[in-house]
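Inside the fold
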Amino acid sequence: MSEIPAKSTAPGSPSDGSRGGAPGAPPGAAGGSGDAEDRPAHHGARSTRGDTGHGALGQGPYESADAAVSTGPADATWQSTPPGSLYDYLKVASFSIGPDGLVDHWSKRAERLFGIPAARALGKDPIEAFVPADLRERGQRKMTEILDGREWTGSVPFRLPAPRDGEQAGYVQHTLDGDEAAAGEDGTQEGRPDAVREGVAEIYVMPTENADGEHSAVCIVIDVRILRGIETELAASQAIFGQSPFGFLLFGTDLRVWRTNHRFATVFGGTADDHRGGSVHDYLPRGEADRLTAAIRRVLETGDPVNEMQLVGPVPGSSERRHWAINLYRVHGGSGAPIGVAGIGTDVTRRHAAAREAAHARRNLALLNEAGARIGNSLDLETTARELLDVTVPGFCDLASVDLYQGLLQGDESPSGRWAATGPQSGSGSAELRRVAYASAVSDAPFANSSGGSPPVSVGAVHHYPFASPCAEALRIGRPRHIPADGGLIQSTLAVPMVAHDTVVGLAQFSRTKGSEPFGDRDRALAVELAARAAVCIDNARLYRREHERALILQRSLLPPGDPEASGLDIACRYLPGNAATEVGGDWFDVIELPGHRTALVVGDVMGRGLRAAVAMGELRTAVRTLALLDLEPAEVLSALDEIASGLGTPGGVQRSHAARSRSRAGDTRESDERQDADLLEVYLATCIYAVYDPVTRRCTFANAGHLPPVVVEPGEDALMLDVPPGMPLGVGGEPFEEVEVELAEGALLALYTDGLVESRDNPLDEGLQAFLGTLTEPSRPLEDVCDHVLTTLNTAHGEDDVALLMARIQGLPSGAVGDWILPREALSVGRAREYARAQLLTWDLEPLVDTAELLVSELVTNALRYGEGEIRLRLLLDHTVVCEVWDANLVQPRRRRARDTDEGGRGLQLVQLLSSAWGSRRTHRGKTVWFEMPLPDGNAKMKDPSEALLSLF
């Protein structure tokens, strides 16, 4: 017979149920105890068997089943199977027994399987040659039954041949020159003990007839060891294929589905067989199916595998989008030719969901980081609201708006709305809000509105939400509310109250348009966090704005009201506070009227900003006015101010400050004292320039405490800075101040200012001073115009610091408004003083003042004669009032006392106080000056009756 070609492959290990026989033994040779019949023969390859006998050493290898094999017409067509067929894997061998019961054919595969060459097997009686003596009788009976036409199937043990060097196991070539020569005494091939191996063969004995009608038999032998291996591999393959948790598909070369597993059928419905012949377009959307088809074709053509190809599509009965990762590789047949493409798909929907959650978490963290960096950089409420929208649009939403309570923007102490607020407010829903910011990432998108049919709210508009609306509810309860889509552009909206310190300051709305992902729980939490951060910044800005406005009100209340007036001076002034970001400063100026129609001009600057600087400025300004009323010299005023400034930051005042400084100078190094001093001493430093102008002489006396020098512009001359010794700032202490007296020309311009006018980050002080001098090129213009020109030219809108500017044009008193006389030290000088006063007042057409002036002048001159020294000087000055001054060389100040009823004198100064509008005395370089002032009889001031004043003394 023709032998089917097969590939030469090494057989595996024998099965667990195999029994060993003698090496090289033929089928049926006994080699051990008789328990072979307990081993079941492989039944999966039998198709025409009846009750099968299982050959065993105890019963003989030829015990057959009782059932006969049915016969029928056979197909005489022979077909050559290509390499890689099932026969090639099973390694089927054959031999035949002739009518005489002898072996007449022995195939090559039988030689390879049993290791017995044909020369040893042909012509032998298989029972006599290969069966042990104790089994031969039974074997002869079976042989007789076989030759009578009975079929037998059974399994017998045998010894595997040992491989020679360079040959595969199970395919040993044997020589023909000896029966047992190849075996050693120990029963091993070539005397090699490692060649003894056991196996089990399954034999199919099929009776046949020759042309003469004589019975013979064809025996087919299969190595059970190989059969069991194939069975195990098939079972394992089926288990892996059928029990795999991953979907498996096998595509043919036509890109159609050959086979699927149970997992795939579970996902897409039906059974595995229902999907045979399908295509990827039956399972995926068109775009994804085309992409997968192209990938399968590429793998089939190139052999390059595809790993983790991502696919998206629904599954039957569900609209949920599922994600799969599929791996593709080409599959080859036994001949090595491609037979298809295998695909292993994994459902990675949860992985994608986890990745999406992680991406959302990273995005949220990035948004929070960005919010922390960008929100709250300004102390302006509207700017902070816009910063919130800059962060959220378009990174978080497509449209957004911010509404703040109107009361908050107007500076109310507490904004409307609290966490636990309940009930309608004024019957109209929420309190009034103003839309302060809006942003959109969608072109031509309308302003977000959630008021149920109300017109859109524009930026800057004041509105309120109806009581039943989600926005009003969010404001009442302090928690976010979701606003469903209204059928237009907006898909969903979050109304998030802006809560700071348990107080609702406004409402932020975040909207997403159709096509964007709806808001989820994570988005809601993020929106609350973003709104809370912005709310805290807005509340801080509100608190700062309130403090800033209070400090500004305090500061402006301490400045001179309106346009100050002074004798012999035309005055214009400006004060510009710093912006909200730089806080209120401590700049101030003042114009103080002094006796004798003199004027004190003051400009100062407390170092530092904020409410405390404004309070310190107010204290210093009050101190300056108090010291000015004492009519001290400028240097004395600054010295006293220095003492006051040193004690401003110290509990206990100036004396406590001096005590702490004394301990410091004494070298007290005890840590507790140093800490106490540091706590007690809060240094307030200030610069100040103090000037006193006399309109009679047009002379101005300056004293400077670390301030910028004054600027003077005389007619026809360039502006110049006066060389006034700068001195130390107030609060440093211990340094004297110098005075400089300057005579100013008629029409000259004097300018006092603070550093905010000439210094900024972009403009150094020297450049600013030169620029300031350059603006004073037209001093003859009205002073108001000059001030405006200076402020506009120097660009003081930067707002980095407060600006104080005081300008005065010199206008001395005319000679006709001054009466000045020297009186000798004698009694007749009293009468002459009355005559000089009467004549001067009549010249000024002030006859109603004559009697009173004569009485008061005589009293002052009498006191100068009685208590003074040296010559006496009388001076009358006319401006908006009449001032009378009496000078003498005695430094002792007059003291008013109350005379008793029995006293004849001592009532002079009481008369002066009663009949004048003001009186006083001051020291001079050569004595003292006592003065009084009388209002002009213009009808506005009530004149005092001398007789009534005299009667009031008694």
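Our subject is the structure that appears above.
Notes on the structure follow. (Residues numbered from 1 in each chain as written. Predicted model: local features only at pLDDT ≥ 70, side-chain atom pairs only at ≥ 80, totals over all residues. Heavy atoms only, no water.)

Attention now moves to the overall build of the protein chain. The secondary structure content of the protein chain amounts to 23 helices and 31 strands. Per-residue burial for the protein chain yields a buried fraction of 46% across its 954 residues. Put simply, of all contacts in the protein chain between residues at least 6 apart along the chain, 65% involve residues at least 24 apart. With an accessible surface of roughly 46,500 Å², the protein chain has 51% of that area assigned to carbon and sulfur atoms. (Helix = DSSP H or I, 4+ residues; strand = E, 2+ residues; numbered from the N terminus. Buried < 20%, exposed > 50% of the residue type's maximum accessible area, 1.4 Å probe, protein only. Contact = heavy atoms within 4.5 Å. Areas by Shrake-Rupley, 256 points an atom, 1.4 Å probe, with all protein chains shown as cover.)

Another aspect to go through is the sheet that holds strand E16 (residues 503–513). The pairing of strands in a sheet comes from backbone hydrogen bonds and takes either a parallel or an antiparallel form. Here six strands make up an open sheet; going across it, the order is E13-E12-E11-E16-E15-E14 and the pairing antiparallel. Of all strands in the sheet, those with a lone pairing partner are strand E13 (462–463) and strand E14 (481–483), marking the two edges. Where strand E15 (residues 490–500) and E16 come together, ten bridges link them in antiparallel fashion. By the bridge assignment, Val496 is partnered in E16 with Ala508. (Pairing = 2+ DSSP bridges.)

Applying the stated rule across the entire model yields nine aromatic pairs. Judged by centre distance (5.2 Å) and plane angle (35°), the rings of Phe95 and Trp106 are tilted. Here Phe95 is found in strand E1 (residues 93–97), whereas its partner Trp106 is found in strand E2 (residues 103–106), with eleven residues between them in sequence. This pair shows no difference in class: Phe95 is buried, exactly as Trp106 is. The aromatic ring of Phe467 is capped on one face by Arg476, whose charged end is 3.8 Å from the ring centroid. Of note, Arg512 hangs over the ring of Phe396, and the distance from its end group to the ring centre comes to 5.2 Å. (Phe/Tyr/Trp six-rings, centres within 6.5 Å; stacked < 30°, edge-to-face > 60°. Lys NZ or Arg CZ within 6 Å of the ring centre and 35° of its normal.)

A few words now on the pattern of salt bridges. Overall, the coordinates contain 33 salt bridges when judged by the stated rule. Among the ionic pairs, Glu137 bridges to Arg141, the shortest N-O distance being 3.8 Å. Here Arg141 and Glu137 lie together in helix H5 (residues 136–147), a separation of four residues that amounts to about one turn. A relative accessible area of 62% places Glu137 in the exposed class. With a relative accessible area of 45%, Arg141 lands in the partly exposed category. Here Glu778 makes a salt bridge to Arg781, at a shortest N to O gap of 3.8 Å. Its relative accessible area of 29% is what places Arg781 among the partly exposed residues. Look at the salt bridges and you will find they share partners, linking Arg598, Asp631, Arg875, Glu885 and Arg922 into a network. (Salt bridge = Lys/Arg side-chain N within 4 Å of Asp/Glu carboxyl O.)

Where helix H20 (residues 828–843) contacts helix H21 (residues 850–867), the axes come no closer than 9 Å and their chain directions differ by 145°. The way H20 lies across H21 gives a crossing that is right-handed. From H20, Ser829, Val830, Ala833, Arg834, Ala837, Arg838, Leu841 and Leu842 reach across to H21, where they touch Val850, Asp851, Ala853, Glu854, Val857, Ser858, Val861, Thr862 and Leu865. When its residues are assigned to classes, the contact of H20 with H21 shows ten nonpolar, three polar and four charged. (Axes fitted to C-alpha atoms, helices over the stretch in contact; angles between N-to-C directions. Left-handed = near helix turned anticlockwise from the far one by under 90°. Nonpolar A, V, L, I, M, F, W, Y, C, P; charged D, E, K, R; others polar.)

Quick look at helix H6 (residues 224–243) now. For the α-helix, the turn length of 3.6 residues means that residues three or four positions removed from each other point alike. In a regular helix each residue adds 1.5 Å, so 20 residues correspond to 28 Å; H6 covers 27 Å between its end C-alpha atoms and thus fits that length. Looking at H6, one finds that the buried residues are Val224, Arg225, Ile226, Leu227, Ile230 and Phe241. (Expected span 1.5 Å × (residues − 1).)

Turning our eyes to something else, we now look at the sheet that holds strand E9 (residues 322–332). Taken together, five strands build an open sheet; the order of strands is E7-E6-E10-E9-E8 and the sheet is antiparallel. The outermost strands of the open sheet, each flanked by one partner alone, are strand E7 (257–260) and strand E8 (306–313). Strand after strand, the sheet turns through a mean of 25° between neighbouring axes, direction not considered. One ladder, built from five bridges, connects strand E6 (residues 247–251) with strand E10 (residues 338–347); its direction is antiparallel. If you follow Phe248 over to E10, its bridge partner there is Ile344. Taken strand by strand, helix H9 (residues 349–374) contacts E8, E9 and E10, and its axis lies near 130° from that of E9.

Before going further, it helps to examine the environment of Glu784. Within the secondary structure, Glu784 sits in helix H19 (residues 783–793). By relative accessible area, which is 31% here, Glu784 ends up partly exposed. Residues Glu784 and Arg574, 210 residues apart in the sequence, show an inter-C-alpha distance of 9.2 Å. Excluding residues within four positions of it along the chain, Glu784 makes contact with Asp563, Ala572 and Arg574.

Across the five residues of E1, five count as buried, placing the element largely inside the fold. Burial along E1 is two-sided: Ala93, Phe95 and Ile97 and Ser94 and Ser96, pointing in opposite directions, are all buried. With five bridges joining them, E1 and strand E5 (residues 215–223) adopt antiparallel strand pairing. The residue of E5 that forms the bridge with Ala93 is Val221. Bridging between E1 and E2 involves three bridges; their strand directions are antiparallel. Bridge pairing links Phe95 to Trp106 in E2.

Next up on the list: a negative patch on the surface. A contiguous patch of negative charge on the surface is contributed by Asp100, Asp104, Asp212 and Glu214. Judged by its relative accessible area of 36%, Asp104 is partly exposed. (Patch = residues over 30% accessible without salt bridge, like charges linked within 9 Å, V, L, I, M, F, W, Y side chains within 5 Å. Lys, Arg positive; Asp, Glu negative; His and termini not counted. Charge placed at Lys NZ, Arg CZ, Asp CG, Glu CD.)

Turning our attention to the packing of helix H14 (residues 611–629) against helix H15 (residues 634–647). In the contact formed by H14 and H15, the axes pass within 10 Å of each other and the chain directions differ by 145°. As for how H14 packs across H15, the hand of that crossing is right-handed. Across the interface between the two elements, Leu620, Ala623, Val624 and Leu627 from H14 touch Val637, Ala640, Leu641, Ile644 and Ala645 from H15. Grouping the constituent residues of the contact of H14 with H15 by class yields nine nonpolar, no polar and no charged.

Turning our attention to the environment of Ile116. Assignment of secondary structure puts Ile116 in the loop between helix H2 (108–114) and helix H3 (118–121). Distance from Ile116 to Trp106, taken between C-alpha atoms, is 9.4 Å for residues ten residues apart in sequence.

What follows deals with the nonpolar core. Formed by 58 residues in total, the largest nonpolar core has its most connected members in Trp588, Leu601, Leu641, Tyr690, Phe702 and Leu806. A per-element tally of this core places H14 first, with eight residues. Grouped together as the second largest cluster of nonpolar side chains are 50 residues, Val402, Ala472, Leu494 and Met498 included. (Core = buried A, V, L, I, M, F, W, Y, C linked by side-chain atoms within 4.5 Å.)

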